[in-house]
Every structure is written in C-alpha cells, then in structure tokens.
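Coordinate analysis (summary)
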Amino acid sequence: MSFMFNPYPYDDPNAVNHISFNSELKSSITPDSPASAKKLAAQVKDMLSGSPRCIIGLDGYMSAPMDSFKGLLSLQLALNGIQVDTLSTGTLFLDSDTLYEKFLPYLPEDRETDPVLLYGSRYEEGYESLMQQKEIEKLSARLKEFSEKGKGVLVIYGYGALIDALRPFYNLKLYIDMTQKRTILNIRAGAFSNLGSTRQMTINHILRRSYYIDFEVAAELRGQLIRNNEIDYYLTGDNPDKIKMLPVNTLKALFDTMVSYPLRCRPVYLEGVWGGFYIKRLRNLPEDMKNCAWVFDLIPMEVSIAADIDTMELEFPFYCFVQVIGTKLMGEKSAKKFNGYFPVRFNYDDTYHSSGNMSIQVHPNGDYIKGNNELGRQDESYYMVVTGQEAKTYCGFRQNADVEEFIEKARRAEKYGEGFDHDEYVYSEPSVAGQQFLIPAGTIHASGRNQVILEIGSLTIGSYTYKMYDYMRKDLDGNLRPIHTYHGDKVLRRDFKESWVRENLIQKPRVIREGNGYEETVVGEHELLYFSLRNVRFFEKYEDETTDRFHVLVLVEGEKCLIRSLTDPGRFFEQNYLDMVIIPAGFGPYEVINKGVGKVTIHKTLLKDGFENE
C-alpha cells in the first residue's frame, strides 16, 4: 500500500448509502454555504442580544476553506449590523526553520536508504507542540481581554484555532472537515503548503510531511472535538460553495444511524504505470483516465463515506466516522486492540490487459516499523478475482534461488539500470480465479499482469512498500520509479521459499460451515495474519451474524445481492458485483439474498478468533 499521492478527481455516484434519518434532525442541517453562514449570523445576533460580545473559533482539516467561509460569515454578520474583527492562527506556529529541524527525526533525509524521501515516522505530539508558547499566551490574553471588554464579534480562524489552550474562550466553535481525496487534490492545486511552513517544496515532499505530521495532528484534534462535544457545528468543506453544517449532536446521531446499516465506502481511483482496464470498464470510470491501477475501496485513512438522506447527500472522511463511532462499527475488542483504527484495509489492484506486472516488492515486520510509531507488521493477501491469459502471481522465492545473488542484482538494477531475469529467483504460480494467496510480512511478492486482485492487508498508517525490482520502468511522469533495496534487504524473509509457500500461503479451501443451500470455506488463515479469509457460496441465500466482530463482504461472483438485517429488514444494502460492504460489529443476524442468476460467491473477511490476544 502506498500513500494516495495522486487520486483521480472523480466522485463515484454509485457509492452512496441510503439512510432513513430522523426528519427533525435532518431539518437542522443546512444545505449550502450561504445558508450555513446565514444561520450562524442569526444565532450570533441572538447571542448578542444578551451580551455585547461573541468570540467564534473556526478550525478545520488541512486545506479546508476556512478563509472563504470566514469571509462569508463576516459578510452575513455585517448585513445584520454587527461589527466583526478576525484574527488568523498563522502567527502561532514556530518558524519554518525550527519546524524543519524539529521534524528531521520524523522525516529523515537519507537518500541512500530512501532515494525519493518517501518514508517517515508518525508524529504524535499534537498541535500545540508546533506552536510558540509565547504566541499562544499572547492570543489567550487578547481573547481574555475581548471576553471582558470587547464589543461585537471576534473570529479566530485557521489551523489549530480550537486547541485546548484557546477553546475555553469561544462562545461558538466551528470545524470544517475535508475528505482525504479532496485534500490531496487541493494540495496538488497549491491550496496548502504544510503547517507553519514558508519553504517552497516539491509536491511529494509536501505530501510526505502532510501524511506523517500535519494530517496526524489535525485528525487527532478532530476526533477529540467531536467525541467530547467540544464543537457546536461540523461543516463539510469539500465544495466551498456547498458547505453543509450540522450541529454536533446531529452529526453523532447520523453516524449512530449509519452504523446500524450495512455500509459501503466511496472508493478512490488511481492511475498507474501498470494499470489495467477491468474496473474502469466495470464501473464506467471517466473516459480520459489513462487506466485504473489501484481502487482504494476501503483504505480506512483515505476513503470517504457518503450518506443519502432523501435528496440530501452528505460525505465524510471514513476515518472521522471511525473516530466517532468506531466501537459500534468494529466491536469493543477490535477498537481497544487497534487503538481506535479500523484494522483491515482493502483495495483492488488491476493489471487486466495492462502493459506489465506490479513491482517485485516486500513489506516490513512489526519490529522494523514500530520504531516509526506504527502499531504492527504489514501483512497482506491477494484474492484472484479475474484472471486473463498467462496471468500469474509472485509469492516467495524459488526453491533453489540464491537470495543474496537476487539482492545483489536488484541493487545493480537500482544503481546502474542493469536488468535481470527476476523469474529465475521469485516463485510464481499461474493465477486462477478464486485462488487466495497469503503474504505475511517479509514475503517477496507481486501481482502479475492481466488480472484483478482483491488485496486485503493489516493495519498500517504509513507507507511501507519496499520495491526490490521494477523492470527499469518509468512512472507516468517519465521518471524512473524508486527502488528500496536497503530496506527490502533488511526485512526480506530468505526462508519463505516455494515448498513453504505452497504449504502455508496457498491453501486448499476447507469447509467450516454448511447450511440449507450454502457452504462457507476458509480460503486463507495463518498464525502470522490476524484476519480470516472466507468464501460463502450459494444459489438463493444464506444467513450469518456479527458477534462484536465486523464482517467485510465482497461479491466476487454474481450480479447483485441484497444484504439485510433479519431483525429489521429496513436496514439493508443492495450490493453489486465487486462492491465491498462492511457489516458493523453490532449489526447482529443478517441474510444475503441472491438477486441475480446462478451461483454466488461472497468473499468474507473477519478478525480471527482470539485476535485480541496476538
């Protein structure tokens, strides 16, 4: 898995959850930016009838349109004859050079080990550690003075406006949120350049720092504010002209309603040098997309979740949803075990009718990345969804491969551009639709060309794909794709060879449950992975139940299924081919009904028995 550095600007209109929501609460949601500003101005006017002053705090996620919304709100207040002063939080941050030095341990600059400076460590010290304490105290004194003697309205806006030190002074607290895809697109458009930074950097360096530093501090504060009811209003900022505003209690009630349904996230689509065309055609993606290499259907930190309430559509970052309602979504044991993060990530890799394989790569073990403030090892799995001619999957080394010779040749390829025959060293199996490969950390692997795979992996927040060989291939911008033999060498499992792979990582399905017209098999389960991979096959329907463990269901064979609660049939989702649907941990008994022709296969993922003790 890699960071979402270049998402395609497309909002999939089909990935929407149709929710029945309390009509009174729905009426508390404003439909666009003018209505939101007008409602706030009216509320402030009422507040000023009992007091000569009001202080508003306006914060937001990276690239949120705080400046424009502050201006719109100020205009509405002025229309009501209310005097407005505004102050930006920009002066609070440490200077660029100080921040640069502060982040060097988190964003090291060793091009020998990390040629394009992609990797780093998660920053966990919070917003206020990026600020000058004297400036916070100065602003606090200004707010205290205004709260005692000021007249009219004072708006404090910008990143970190709602930090702990400033929050007690506000009469009204607002937070503008952004989906991750729109944030990345805004950054690429020049709308954001790192907290406190005045340095001009390349787009990849801005994004690297954003992922390890800026996004972390912003997301941490956002979760705290919503969970603890420390904001009055939550605003959706993706479209600056159509900012919807929800009272925080309405937001939480909506999330509470959503988590009582089966849910699908809104995918993010990315082009890539090895990208194929199966998903592009299946989902009618835009004609001008070069291809579709990755489909982030359920990468928890990257995707969004959209809810359609009658005629109103609302979209939220999925990670915000998890931060607020995670225990009900994932289950108590899962939320505790994985520190509130959704513990499994899902995406499609599409090389169907493409020009080549994915890179030969490896992922690190827990010991190697825990020093980067990660929660554990990076394990993966590949499920073959669609396979074409000569499709194959790489997994482990050939039985008699000289691994040190492979590494030396990989290094020479990286340094001198000398190609070599990777098939002499890396074991591959012809791919067959329905086949499951397990890829625990340290396994050399790759998806070959001409197939679509469902990739399922463990929780990793950063980017830890170490490419060992990439055929001297250039990316879509014409640059040689970076290789990471330094890190790959250190995490590579030399002992994961053909015989061990065939015995452990490519398993024969075993039946664990049968019923009236259905059969459930385990297609992949191993002590090195904390999730279990299953197939459920049936003609008409089957029944299941979540018991404090979420299920993720993917329709890998069949046209359409109806997934609905057995206790409340109004809670349902109509699932199309290759849709990924989360069945929340608290959903209880449910049924999956075949709405198409022929036999259906559902790929089912859940956390293993005893996962919390691993």
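These numbers come from a predicted model, not from an experiment.

1. Things to note about the overall build of the protein
Counting its secondary structure elements, the protein contains 15 helices and 30 strands. Taken over the C-alpha trace, the protein has a radius of gyration of 25 Å; the compact-globule value for 614 residues is 25 Å, and the two agree within 12%. Overall, the protein is about 80 × 60 × 50 Å in size when its C-alpha atoms are taken along their principal axes. The burial tally for the protein puts 61% of its 614 residues in the buried class. When contacts within the protein are restricted to residue pairs at least 6 apart in sequence, long-range pairs at least 24 apart make up 78% of them. Roughly 24,000 Å² of accessible area belongs to the protein as shown, and the carbon and sulfur atoms make up 46% of that amount.

2. Looking at helix H6 (residues 180–188)
Among the nine residues of H6, seven are classified as buried, and the element is accordingly described as predominantly covered. Taken as a whole, H6 has its buried residues at Gln180, Lys181, Thr183, Ile184, Leu185, Asn186 and Ile187. At the C-terminal side of H6, Gly190 shows a positive phi close to 90 degrees.

3. Re the side chain of Gln436
Mapped onto the secondary structure, Gln436 falls in strand S17 (residues 436–439). Overall, Gln436 belongs to the buried group, its relative accessible area being 3%. The residues contacting Gln436, other than those within four sequence positions of it, are Ser381, Tyr382, Tyr383, Leu505, Ile506, Gln507, Val523, Gly524, Leu533 and His603.

4. Brief notes about helix H7 (residues 203–227)
In H7, a bend of some 55 degrees at Ser210 exceeds every other bend along the element. Across the 25 residues of H7, 19 count as buried, placing the element largely inside the fold. Asn229 sits one or two positions beyond H7 and adopts a positive phi of about 55 degrees.

5. Re the pattern of salt bridges
Tallying each qualifying case throughout the model produces 43 salt bridges. Note that Glu525 is salt-bridged to Arg510, the shortest N-O span being 3.4 Å. Residue Glu525 is located in the loop between strand S22 (518–524) and strand S23 (531–538), and its partner Arg510 is located in strand S21 (residues 510–515); the two are separated by 15 residues in the primary sequence. Given the relative accessible area of 26%, Glu525 is considered partly exposed. A salt bridge links Asp544 to Arg513, with the nearest nitrogen and oxygen atoms 3.4 Å apart. Of this pair, Asp544 sits in strand S24 (residues 541–545) while Arg513 sits in strand S21, placing them 31 residues apart in sequence.

6. Here we look at a negative patch on the surface
Negative charge collects at one region of the surface, where Asp402, Glu405, Asp421 and Glu424 lie side by side. For Asp402, a relative accessible area of 39% puts it in the partly exposed group.

7. Some remarks on the side chain of Asn17
Residue placement: Asn17 occurs in strand S1 (residues 17–18). Residues in contact with Asn17, not counting those within four places in the same chain, are Pro262, Leu263, Arg264, Ile305, Ala306, Ala307, Asp308 and Phe573.

8. Considerations on the packing of aromatic side chains
Across all of its chains, the model carries 33 aromatic pairs by this definition. Ring centres 5.3 Å apart and planes at 75 degrees place the aromatic pair Tyr278 and Tyr352 in the edge-to-face group. Of this pair, Tyr278 sits in helix H9 (residues 278–282) while Tyr352 sits in the loop between strand S12 (344–350) and strand S13 (360–362); the two residues are 74 residues apart in sequence, bridging distant segments of the chain. Taking the relative accessible area as the measure of exposure, Tyr352 reaches 16% and is therefore buried. Lying across the ring of Tyr100, Arg199 places its NZ or CZ 4.2 Å from the centre.

9. A few points about the layout of surface pockets
Computed from the structure, the largest pocket encloses a volume of approximately 1,000 Å³. Around the largest pocket, the lining comprises 39 residues; the ones closest to its centre are Phe5, Asn204, Trp294, Asp475 and Arg481. Elements that contribute at least two residues to the lining of the largest pocket include exactly H7, strand S9 (294–298) and S12. If you tally residues by element for the lining of the largest pocket, the top one is H7, at three residues. Classifying every residue of the lining of the largest pocket by side-chain character gives 16 nonpolar, 13 polar and 10 charged. Considered as a void within the structure, the second largest pocket measures approximately 640 Å³ in volume. Looking at the second largest pocket, it is lined by 43 residues, and the ones nearest its centre are Ala219, Met301, Tyr319, Gln323 and Tyr341.

10. Quick look at the environment of Lys336
By the element assignment, Lys336 lies in helix H11 (residues 332–337). Using a relative accessible area of 72% as the deciding quantity, one classes Lys336 as exposed. Spatially, the C-alpha atom of Lys336 lies 25 Å from that of Phe296, the residues being 40 residues apart in sequence.

11. Side note on the environment of Val581
Of note, Val581 is situated in strand S28 (residues 580–583). For the pair formed by Val581 and Gly366, sequence separation is 215 residues and the distance between their alpha carbons is 28 Å. With residues up to four places along the chain from it excluded, the contact list for Val581 reads Pro262, Leu263, His551, Val552, Leu553, Ile563, Phe573 and Gln575.

12. Some details on the sheet that holds strand S11 (residues 312–317)
Spatially, three strands are ordered S1-S10-S11 in an open sheet, and the strand pairing comes out mixed. The open sheet terminates on both sides in strands that have one partner only, identified here as S1 and S11. Note that strand S10 (residues 304–309) and S11 share six bridges and pair antiparallel. Counterpart to Ala307 in the pairing with S11 is Leu314. Each of S10 and S11 touches helix H10 (residues 318–330); the most contacted strand, S11, lies at about 80 degrees to it.

About the thresholds
- Residues numbered from 1 in each chain as written.
- Predicted model: local features only at pLDDT ≥ 70, side-chain atom pairs only at ≥ 80, totals over all residues.
- Heavy atoms only, no water.
- Helix = DSSP H or I, 4+ residues; strand = E, 2+ residues; numbered from the N terminus.
- Rg over C-alpha atoms; globule rule 2.2 N^0.38 Å.
- Buried < 20%, exposed > 50% of the residue type's maximum accessible area, 1.4 Å probe, protein only.
- Contact = heavy atoms within 4.5 Å.
- Areas by Shrake-Rupley, 256 points an atom, 1.4 Å probe, with all protein chains shown as cover.
- Bend = angle between axes of the 7 residues up to and from the residue.
- Salt bridge = Lys/Arg side-chain N within 4 Å of Asp/Glu carboxyl O.
- Patch = residues over 30% accessible without salt bridge, like charges linked within 9 Å, V, L, I, M, F, W, Y side chains within 5 Å.
- Lys, Arg positive; Asp, Glu negative; His and termini not counted.
- Charge placed at Lys NZ, Arg CZ, Asp CG, Glu CD.
- Phe/Tyr/Trp six-rings, centres within 6.5 Å; stacked < 30°, edge-to-face > 60°.
- Lys NZ or Arg CZ within 6 Å of the ring centre and 35° of its normal.
- 1 Å grid on protein atoms, 1.4 Å probe; cavity = no way out; pocket = protein on both sides within 12 Å on 5 of 7 lines; lining within 4 Å.
- Points joined across faces, edges and corners; volume = space filled by probe spheres on them.
- Nonpolar A, V, L, I, M, F, W, Y, C, P; charged D, E, K, R; others polar.
- Pairing = 2+ DSSP bridges.
- Axes fitted to C-alpha atoms, helices over the stretch in contact; angles between N-to-C directions.

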